[in-house]
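# Results of the structural survey
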Amino acid sequence: MSDSSSSSNASSANVKQPKGSHQFPPETTTIGMLGSGQLGRMFAFAAHRLGFRVHVFSPESASPAGRAADFETVADYDDVAALGEFAKQIDVATLEFENIPVASLRILEQHVPVRPGPGVLETTQDRLKEKQALSHAGFPVTEFREICSLAELKSAFDGDTAAILKTASWGYDGKGQSRIQTADDLEPAWETLQCDRAILEAFVDFECELSVIAVRSVTGEVACYDPVRNEHHNHILSRSVSPSGLPEEVIEEAKQIATAIVDSLSVVGVMCVEMFLTRQNRLIINELAPRPHNSGHLTIEAHATSQFEQQVRAVCGMPLGDTRQVRPAAMSN
Ligand code: AMP
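Residues numbered from 1 in each chain as written. Predicted model: local features only at pLDDT ≥ 70, side-chain atom pairs only at ≥ 80, totals over all residues. Heavy atoms only, no water.

### A short note on the overall build of the chain
Counting its secondary structure elements, the chain contains 11 helices and 15 strands. Over its C-alpha atoms the chain spans a radius of gyration of 20 Å, differing by no more than 12% from the 20 Å that the globule rule assigns to 333 residues. Across its three principal directions, the C-alpha atoms of the chain cover 60 × 45 × 35 Å. When the 333 residues of the chain are sorted by exposure, 55% land in the buried category. (Helix = DSSP H or I, 4+ residues; strand = E, 2+ residues; numbered from the N terminus. Rg over C-alpha atoms; globule rule 2.2 N^0.38 Å. Buried < 20%, exposed > 50% of the residue type's maximum accessible area, 1.4 Å probe, protein only.)

Given below as C-alpha cells:
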C-alpha cells in the first residue's frame, strides 16, 4: 500500500473522485493516536461513530483522549519498547499534534501505515523547513531569513520594515515569537526567544486571516472546506467565523492553494493551511498544521462531515466526506 500517490492537480472542485481505495473494516480496526488532548478526544468520538477502535499513546494518564479511547498506553514518545508494543496492537497510526518526534513515527512506520507520514512532520515541525519547502514549491510566503545569532539578527533587520522573530522549532499559538519594530527591539527579542535557530519574517500588513482545512486520502482524493475567517489576540486564535464573507475568487484561490499544498507534501490526513489576505488582496501562507485545527472545530456542528471524521476517513483509507456547510457558525477559543 502506498501513501505517496501523486495527484498534483490543484482542482478548484470541492472533492476529487477516488481512484480506488484501500479500506480497513471498522469492526476489526484499531487506530493508534499519538497525543491525548482535546483534539484526540474529538477524533476518538468520530472514530467510534464510524465503528473503529482507538488506542491512545502519550505520556499523560487519564488524559482527555485516553478517557474517550478504547485503549491507552502511557509512555514517553521516544520509548522504543512501548512504541513497539503499541505498533502490535494497532492497524494504522495518526497523530493529534505535530510535535511528536519524527524518529517515533519512523519506528511505527516499520509495522503499520503512519498517516500523515514522518516526512510531513519533518517539514511542518520546523518553521524554517516549512517556509523553505513552500517557497521552493512556488507557494506565496512572506519574506524570511534564517537567524542563528544576535549578530545575524542585527545585520538582517533593515531598520524600517517591521518583522517577527520566531523560534524555528517547537513553536505554536504565538509561543516563541517577538515582534520587532525598531533596532531597540532586536536584543530583547533574541534574548526572549532563548534558542539558537530562529526565523525572521517580514510583518504582513493583512486585511484578515483565514484558514482552509484540507484533507487528502490514501488514493489522492482531496476535499477542502471553504476558508474560515480567524481573529487572533496576542498571536493566539480567539475567534473563527464561517462563512467567511470573503469574495468568491478569494475563497476559490485559497482552496486551490490548500489543495496544491496537500498534494505537493503527499499528506494523508487533515491539514490546516493558515493564510493572510493582504490589503492588496493577495493570499500569503502563514503556517501549516498537519492535523485537525481549532479553526475547524465548527465543522462538527456546521458541516456535513466534521474535520475529525475526515481524519478517520483519510487514515483508514475510506472515501472522504462531504465538506458542504449546512449552517453558519462561529467558534470562540
Ligand atoms: P503563528 O504561530 O506563526 O501562526 O502566528 C500566530 C499569529 O501571529 C498569526 O496568526 C498572526 O496573527 C501573527 N503573525 C505571525 N506571523 C506574522 C507575520 N509574518 N506578519 C503578521 N502577523 C503575523
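There is more to say, and it comes next.
### Quick look at the side chain of lysine 166
Residue placement: lysine 166 occurs in strand 6 (residues 163-167). A distance of 3.5 Å separates the side chain of lysine 166 from the side chain of asparagine 286, its partner in a polar contact. Once residues within four sequence positions are removed from consideration, lysine 166 is found in contact with Arg127, Gly176, Gln177, Leu193, Ala198, Ile199, Glu201 and Asn286. (Polar contact = N/O pair within 3.5 Å; in protein donor to acceptor, adjacent residues only side chain to side chain. Contact = heavy atoms within 4.5 Å.)

### As for the pairing of strand 12 (residues 236-242)
Walk down a regular strand and you will see the side chains alternate between the two sheet faces. Both strand 11 (residues 228-233) and strand 12 contribute to a ladder of five bridges, which runs antiparallel. Paired with histidine 233 across the strands is isoleucine 236, a residue of strand 12. Hairpin connection between strand 11 and strand 12: a loop of two residues separates the two successive antiparallel strands, and asparagine 234 in this loop has a positive phi of roughly 50°. Pairing of strand 12 with strand 15 (residues 329-332) involves four bridges; the strand directions are antiparallel. Bridge pairing in strand 15 places serine 242 opposite alanine 329. (Pairing = 2+ DSSP bridges.)

### Thoughts on the pattern of salt bridges
Under the definition given, this model contains 15 salt bridges. A salt bridge links arginine 279 to glutamate 207, with the shortest nitrogen-to-oxygen separation between them at 3.6 Å. Residue arginine 279 is found in the loop between strand 13 (269-278) and strand 14 (283-289), and its partner glutamate 207 is found in strand 9 (residues 206-216); the two are separated by 72 residues along the sequence. Here aspartate 322 ties to arginine 324 by a salt bridge, and the two come within 2.8 Å at their closest N and O atoms. Exposure remark for arginine 324: the relative accessible area of 48% places this residue in the partly exposed category. Three or more residues joined by partner-sharing salt bridges are found here, namely Asp126, Glu146 and Arg197. (Salt bridge = Lys/Arg side-chain N within 4 Å of Asp/Glu carboxyl O.)

### What to know about the sheet that holds strand 7 (residues 177-180)
Strand order in this open sheet of four strands is 5-8-6-7, and the pairing throughout is antiparallel. Looking at which strands have only one partner, the edges of the open sheet turn out to be strand 5 (144-147) and strand 7. The average angle at which neighbouring strand axes cross in this sheet is 20°, direction not considered. Summarising the sheet, strand 6 and strand 8 (residues 198-202) pair through five bridges and their orientation is antiparallel. Paired with lysine 166 across the bridge in strand 8 is isoleucine 199. Each of strand 5, strand 6, strand 7 and strand 8 is contacted by helix 6 (residues 127-136), which is oriented at about 145° to strand 5, the strand it contacts most. Here helix 8 (residues 186-193) sits on the sheet in contact with strand 5, strand 6, strand 7 and strand 8, set at roughly 175° to strand 7. (Axes fitted to C-alpha atoms, helices over the stretch in contact; angles between N-to-C directions.)

### A look at the site of the ligand
Near the ligand you find 18 residues, and of these Lys166, Gln177, Glu209, His235 and Glu287 are the closest. Within the side chain of lysine 166, one N or O atom sits 2.8 Å away from an oxygen atom of the ligand. Measuring from an oxygen atom of the ligand, one finds a side-chain N or O atom of glutamate 209 at 2.5 Å. Burial of the ligand by the protein chains amounts to 96% of its free accessible area of 480 Å². Each residue belonging to the shell around the ligand can be placed in one class, and the counts come to six nonpolar, five polar and seven charged. (Near = heavy atom within 4 Å. Areas by Shrake-Rupley, 256 points an atom, 1.4 Å probe, with all protein chains shown as cover. Nonpolar A, V, L, I, M, F, W, Y, C, P; charged D, E, K, R; others polar.)

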